[in-house]
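As a plain string of letters, each chain reads:
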Amino acid sequence: MNIDLQALEARHPAALPGAPAALRALNLQLAVGEQVAIIGPSGAGKTTLLQVLACAQPPTQGQLQLGGVNPWTLPARALRRLRGQLFLAPQVPPLPPRQRVVTSVLAGRLPAMGLWASLRSLFYPTDIPAAYEALVHFDLGDKLFDRVDRLSGGERQRVGLARALLAPASLWLIDEPLSALDPMRARMAMAALVSLARERQVTLVATLHQVDMALAHFPRIIGLRDGQLVFDLPAAQVSPERLAHLYDQYEHELRSEALPVALHAATPEAPAPVVMHCR
Amino acid sequence: MKPTTTPDTVSVAQAFSTEAANPPWKLPPPLFNARCRACWFTAALLVLVVASFVSLELDWAAFASMEAARSMGRFVAEFFPPDLSPVFVNKVAWAAWETLAMSALGTVIAAVLGLALAVPASRMSAQDSAWLRSPTRWLLNALRAIPELVWAALLLISAGLGPMAGTLALALHTSGVLGRLFAEAMENIPTGPGDALRTQGVGSLRVFFYATLPQVLPQLMSYTLYRWENNIRAAAVLGVVGAGGLGQLLSFHMGLFHMNKTATILAAMLLMVACVDALSFAARRWLTR
Amino acid sequence: MSVAAPHSSADRPSGLPPVRPHTQAPARDPAFAGRVFWLGLALVLLWPLCVATEFRLWVLWEPENRKVTANFLRSFWPLVHNPEFLEMVVRETWRTVAMATAGVTLALVLAVPLSLLATRVLSLSALSGRMDRWPAVMRWCVRATLIVLRSIPELIWALVFVRVVGLGPTAGVLAIALTYGGMLGKVYAEILESGESHATQTLMRNGSGRLQAFVYALLPSHAAELASYTVYRWECAIRSSVVLGFVGAGGLGQQLDNSMKMFNGGEVATLLLVFIALVALADRVSAWLRKALA
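Residues numbered from 1 in each chain as written. Chains lettered and ligands numbered in written order. Predicted model: local features only at pLDDT ≥ 70, side-chain atom pairs only at ≥ 80, totals over all residues.

## Remarks on the overall build of chain B
- Check the secondary structure of chain B and you find twelve helices and zero strands.
- The linear arrangement of helices and strands in chain B, starting from the amino end, is α-α-α-α-α-α-α-α-α-α-α-α.
- On C-alpha atoms alone, chain B measures out to a radius of gyration of 30 Å, which is more than a quarter above the 19 Å that the 2.2 N^0.38 rule sets for 289 residues.
- The dimensions of chain B, computed from C-alpha atoms along their principal axes, are 90 × 75 × 40 Å.
- Counting across all 289 residues of chain B, residues that qualify as buried make up 42%.
- Considering only contacts in chain B between residues 6 or more positions apart, those separated by 24 or more positions represent 72%. (Helix = DSSP H or I, 4+ residues; strand = E, 2+ residues; numbered from the N terminus. Rg over C-alpha atoms; globule rule 2.2 N^0.38 Å. Buried ≥ 20, exposed ≤ 12 C-beta atoms within 10 Å, placed from the backbone. Contact = placed C-beta atoms within 7 Å.)

## What about the overall build of chain A?
- Counting its secondary structure elements, chain A contains ten helices and nine strands.
- Computed over its C-alpha atoms, the radius of gyration of chain A comes to 19 Å, within 12% of the 19 Å expected for a compact globule of 279 residues.
- Going through the 279 residues of chain A one by one, you find that 47% of them count as buried.

## Focus: the interface of chain B and chain A
- If you look at the interface, chain B gives 26 residues, while chain A gives 31 residues.
- Of all the secondary structure elements, the ones that give two or more residues to the side of chain B that touches chain A are α9 (192-199) and α10 (204-238) of chain B.

## Thoughts on the interface of chain C and chain B
- On the chain B side, the residues contacting the 44 residues of chain C number 42 residues.
- The set of elements that each furnish at least two residues to the side of chain C that touches chain B consists of α1 (31-52), α2 (63-74), α3 (83-118), α5 (154-165), α6 (169-193), α8 (210-244), α9 (252-261) and α10 (265-293) of chain C.
- Among the elements that line the side of chain C that touches chain B, the one with the most residues is α3 of chain C, at seven residues.
- The residue inventory of the side of chain C that touches chain B, partitioned by class, reads 31 nonpolar, seven polar and six charged. (Nonpolar A, V, L, I, M, F, W, Y, C, P; charged D, E, K, R; others polar.)

## Here we look at the sheet that holds strand β7 (residues 203-207) of chain A
All names here are of chain A.
- Read across the open sheet, the six strands follow the order β5-β6-β7-β3-β8-β9; overall the sheet is mixed. Lying at the two open borders of the sheet, with one neighbouring strand each, are β5 (86-89) and β9 (228-234). The mean inter-strand angle of the sheet, taken between neighbouring strand axes irrespective of direction, is 15 degrees.
- Sheet topology places strand β6 (residues 171-175) next to β7; five bridges connect them, and they run parallel. By the bridge assignment, Trp-172 is partnered in β7 with Leu-204. (Pairing = 2+ DSSP bridges. Axes fitted to C-alpha atoms, helices over the stretch in contact; angles between N-to-C directions.)

## Let's talk about helix α2 (residues 37-56) of chain B
- The terminal C-alpha atoms of α2 of chain B, which comprises 20 residues, lie 29 Å apart, in line with the 28 Å expected from a rise of 1.5 Å per residue.
- Where α2 of chain B ends, the next residue or the one after it, Glu-57 of chain B, has phi of about 50 degrees, a positive value. (Expected span 1.5 Å × (residues − 1).)

## Brief notes about the nonpolar core
- In this structure, Ala-152, Ala-169 and Leu-238 of chain B together with Ala-158 and Ile-176 of chain C are the most contacted members of the largest nonpolar core, which totals 134 residues.
- Residues contacting Ile-176 of chain C, with those up to four places away along its chain left out, are Met-99, Ala-100, Gly-103, Val-104, Ala-107, Glu-154, Ala-237, Ser-240 and Ser-241 of chain C.
- Membership of the second largest hydrophobic core comes to 85 residues, among which are Leu-50, Val-101, Val-136 and Leu-204 of chain A. (Core = buried A, V, L, I, M, F, W, Y, C linked by C-beta atoms within 7 Å.)

## Description of the sheet that holds strand β1 (residues 3-10) of chain A
Residue and element names in this part refer to chain A.
- Here three strands make up an open sheet; going across it, the order is β2-β1-β4 and the pairing antiparallel. The strands lining the two open edges of the sheet, one partner per strand, are β2 (23-30) and β4 (61-66). The average undirected angle you get between the axes of adjacent strands in this sheet is 15 degrees.
- Inspection of the sheet shows β1 paired to β4 by five bridges, in the antiparallel sense. Of the residues in β4, the one forming a bridge with Leu-5 is Leu-64.

## Remarks on the confidence of the model for chain A
- Within chain A, residue pLDDT values average 87, and 91% of them lie at 70 or more.
- Scored below 50 in pLDDT, residues 270-274 of chain A makes nine contacts in the model with residues more than four places away or belonging to other chains. (pLDDT = per-residue confidence, 0-100.)

## Details of the pairing of β6 of chain A
Residue and element names in this part refer to chain A.
- Across the five residues of β6, five count as buried, placing the element largely inside the fold.
- Of the two faces of β6, the one lined by Leu-171, Leu-173 and Asp-175 and the one lined by Trp-172 and Ile-174 are each fully buried.
- Bridge count for β5 against β6 is four bridges, and the pairing is parallel. The residue of β6 that forms the bridge with Ala-89 is Ile-174.
- Crossover handedness for the path β6 to helix α7 (residues 183-200) to β7: right-handed. (Right-handed = clockwise from strand over helix to strand, strands pointing away.)

## A short note on the domain arrangement of chain B
- According to the domain assignment, chain B consists of domain 1 (37-77) and domain 2 (86-287).
- For domain 1 of chain B and domain 2 of chain B, the distance between their C-alpha centroids amounts to 34 Å. (Domains from an automatic or database assignment.)

## Describing the packing of helix α6 (residues 133-145) of chain B against helix α8 (residues 163-187) of chain B
All names here are of chain B.
- Running from N to C, α6 and α8 point in directions that differ by 135 degrees, and their axes come no closer than 7 Å. The angle between α6 and α8 places the two elements in the oblique class. Between α6 and α8 the crossing geometry is left-handed. Contact residues: Leu-140, Asn-141, Leu-143 and Arg-144 in α6; Leu-172, His-173, Ser-175, Gly-176, Val-177, Gly-179 and Arg-180 in α8. (Parallel < 35°, antiparallel > 145°, perpendicular 65-115°, else oblique. Left-handed = near helix turned anticlockwise from the far one by under 90°.)

## Some words on the environment of Arg-91 of chain C
- Locating Arg-91 of chain C in the fold gives a position in helix α3.
- Residue Arg-91 of chain C is classed as partly exposed on the basis of its C-beta count, with 13 C-beta atoms lying within 10 Å.

## Considerations on the packing of α6 of chain C against α8 of chain C
Residues and elements named next belong to chain C.
- It is the contact of α6 with α8, at a shortest axis distance of 10 Å, that shows an interaxial angle of 150 degrees. Regarding the angle of α6 to α8, the classification is roughly antiparallel. Considering only the axes of α6 and α8, their crossing is right-handed. On α8, the residues that touch Gly-172, Ala-175, Ile-176, Tyr-180, Met-183, Leu-184, Val-187, Tyr-188, Ile-191 and Leu-192 of α6 are Leu-218, His-222, Glu-225, Leu-226, Tyr-229, Thr-230, Arg-233, Ala-237, Ser-240, Ser-241 and Leu-244.
- The residue inventory of the contact of α6 with α8, partitioned by class, reads 14 nonpolar, five polar and two charged.

## Considering unusual backbone geometry
- Here Phe-80 of chain B and Pro-81 of chain B are connected by a cis peptide whose omega angle stands at -5 degrees.
- Mapped onto the secondary structure, Pro-81 of chain B falls in the loop between α4 (66-77) and α5 (86-121).
- Cis geometry marks the peptide bond from Trp-77 of chain C to Pro-78 of chain C; its omega dihedral reads 5 degrees.
- Note on placement: Pro-78 of chain C falls in the loop between α2 and α3.
- The backbone phi angle of Cys-55 of chain A is positive, close to 55 degrees, even though this residue is not glycine.
- Assessed through the 20 C-beta atoms surrounding it within 10 Å, Cys-55 of chain A is described here as buried.
- We note that Glu-176 of chain A has phi near 50 degrees; this positive angle belongs to a residue other than glycine.
- Along the chain, the position of Glu-176 of chain A falls in the loop between β6 and α7.
- When the 22 C-beta atoms within 10 Å are taken as the criterion, Glu-176 of chain A is described as buried.

## Comments concerning the environment of Gly-84 of chain A
- By the element assignment, Gly-84 of chain A lies in helix α2 (residues 76-84).
- For the pair formed by Gly-84 of chain A and Gln-35 of chain A, sequence separation is 49 residues and the distance between their alpha carbons is 20 Å.
- Aside from chain neighbours lying at most four places away, what touches Gly-84 of chain A is Pro-111 and Pro-168 of chain A together with Gln-200 and Gly-201 of chain B.

## Brief notes about the environment of Gln-99 of chain A
- Here Gln-99 of chain A lies in the loop between β5 and α3 (101-106).
- A sequence separation of 47 residues divides Gln-99 of chain A from Asp-146 of chain A, and the C-alpha atoms of the two residues are 8.5 Å apart.
- Apart from the residues lying within four places of it in its own chain, the contact partners of Gln-99 of chain A are Ser-104 and Val-148 of chain A together with Pro-214 of chain B.

## Considerations on the pairing of β9 of chain A
All names here are of chain A.
- Where strand β8 (residues 220-225) meets β9, six bridges bridge the pair, whose relative direction is antiparallel. Within β9, the position partnered with Arg-220 by the bridge is Pro-234.
- The loop that links β8 with its antiparallel partner β9 comprises two residues; one of these, Asp-226, has a positive phi angle of about 55 degrees.

The following block contains the structure:
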């Protein structure tokens, strides 16, 4: 689906009233099937932008149009149908720890499954071959029936990406897909995502800290800093000077010295039950 | 500023003064300080305890006198030897099985009912209006507040004498307890998986089965097994009002003063409680491996 | 909707792992057999349970039972609220609370010494490694006593005491004192053993007596938790004392029993409402106290 942002402003949900907006006066147009990487230092508003595009958070000002309609003016049912057509992969893979990989991956297809089929799939997964194919793209075929909490952080992140392959979506919004992956796996995952998106004519928007990966795989790069668009250029035109200007005072991130901390708090344990009973 | 004096030159006036010998900041704190909340609280507690003992007019002689001790001793002596005739042990075994079945079935029904009530009683996400939350929580509190014995006495009217009333009583009371525990567990889980599915537009029932339940299931089972330990004790005594099982046998024989039979029944109760405790502990360990 | 096969080696960038031959997806879910087994086992176990408890839910819908239930429920309204009855209700409510308070107080008298005897933190012989044999045996015996005390339901104790000391609150207070003494003692011993015992052991190593070490080191660090648990048990004791009223210990429970035997729905409804309110109030007070102590 195509995206159109006009003078968009959005605030972080937990922001104090006087704090500056997370996104300011953003103008962005994406055609169907385009692939865009969003780069920028920490706090630039990349995650907030993805949340706004995924209709998880309403913009405070400006216009958002997905596929030519403003999602926040739609009635509930139409909005739900629209949501089924997009897919957001958060930075921390949203996988319940004791669930099996096959169920987690097939959950990506829930918008397209009926209620009875979804519930039946809990007892016996309805489409094992599709889940297997999706995992093979990320080199995880042998982990199909393992429990999510038995996987490493990188494997969990790849399972989160494999969910996108099963979603009936025409817009993929991926937040930091490579943060827990080693360079070889990162290249493989990136190549798989990009080629599959091109094949299916899916609009792909990914935020990345690894600028070299962004430049290597994406035709269009958007630079964000402090909630504002710094540049919106084809990858070939992004020069080292522009990058230095974008990451001014955040050079350590440009050199990938500071890894994002999010994925190290991998699976939070279920809180211990408070045992206060009358016995 | 008083001139410093050595001890042997303390003046007569000072020796006879009614002021404290030490400066105020060295004195021990007053026993009751009207400004201190804890003092008021302790005073209230003491008043409550004393008033309780006084108003109940307890029969202290019953505890303390020789007569009472001798009568207690005679009473305890009647328990031995316990009646171990095969016929009676068989009867006790069947009653124990009935009690075990009551507690197990009651707990299972309570878990299902509790889960069904916990869903409306919890707030699934920040956007969830959860308008059913308050009424359902009131219902759960009402179910929980009434003890199993009172439920059993009420249900005997509809269900008649026998273990079904006991099972339903256990189920109703425990569903209140479990419902509240389940709702709190469901509200405390990380919201990531549920949010991801909701962003895709998945309905709340499927979000519950695919995101909430997998995260919270081990805790739910642990709570249920822990409640089973409590319910076996409760089931053992429900029979006193006529709900079957060991309790009914106990109150029958105690009413006829068959103390050695009562001793057997008590021993069976203790044994069953110990078994269920051990089973429940082992099951909880196995589930969270 | 099937997913396309992985790329051939021709257009894969270098440095990536070699493409595995396209393996076949697994045909079946390995966990399914296990699930069917456990489900079947659960159903098989459920049947004898239903038989043993004579669980025939449809009996509730039989005409006579329905009529009796409907009449009873109908008699709930109007609630009995004449002044003598309400005065009696207030008096019995106080009696219930008093029974619970007195019971828990006596339970404390029993529990505190036993828990001090049972806790391993105050063991002098354990300061130098393993506890000696006799102290360990003594502690084990005290723990076993506490477990036996708390395993016997208070209703049983009440039944026995009613035979010995007669009807009335004495039997109830004694029953609560014994059962809750066991409960409190065991949990106190566990609380004292949890957490750090360094200060206590240092004091004992340097020659202080056990009671001194308890008062100066152990008690201050755990006082809040001990008090919090005691308040929680007091709330449970209120519920217990209502239950004990059914066997003759007086209070709201006995009134409830009397009213139910006479099928007086109005009185039963009033008593139930008063009881629910009492439990809610005690719950609030206990939660507030526990928050203040924390």
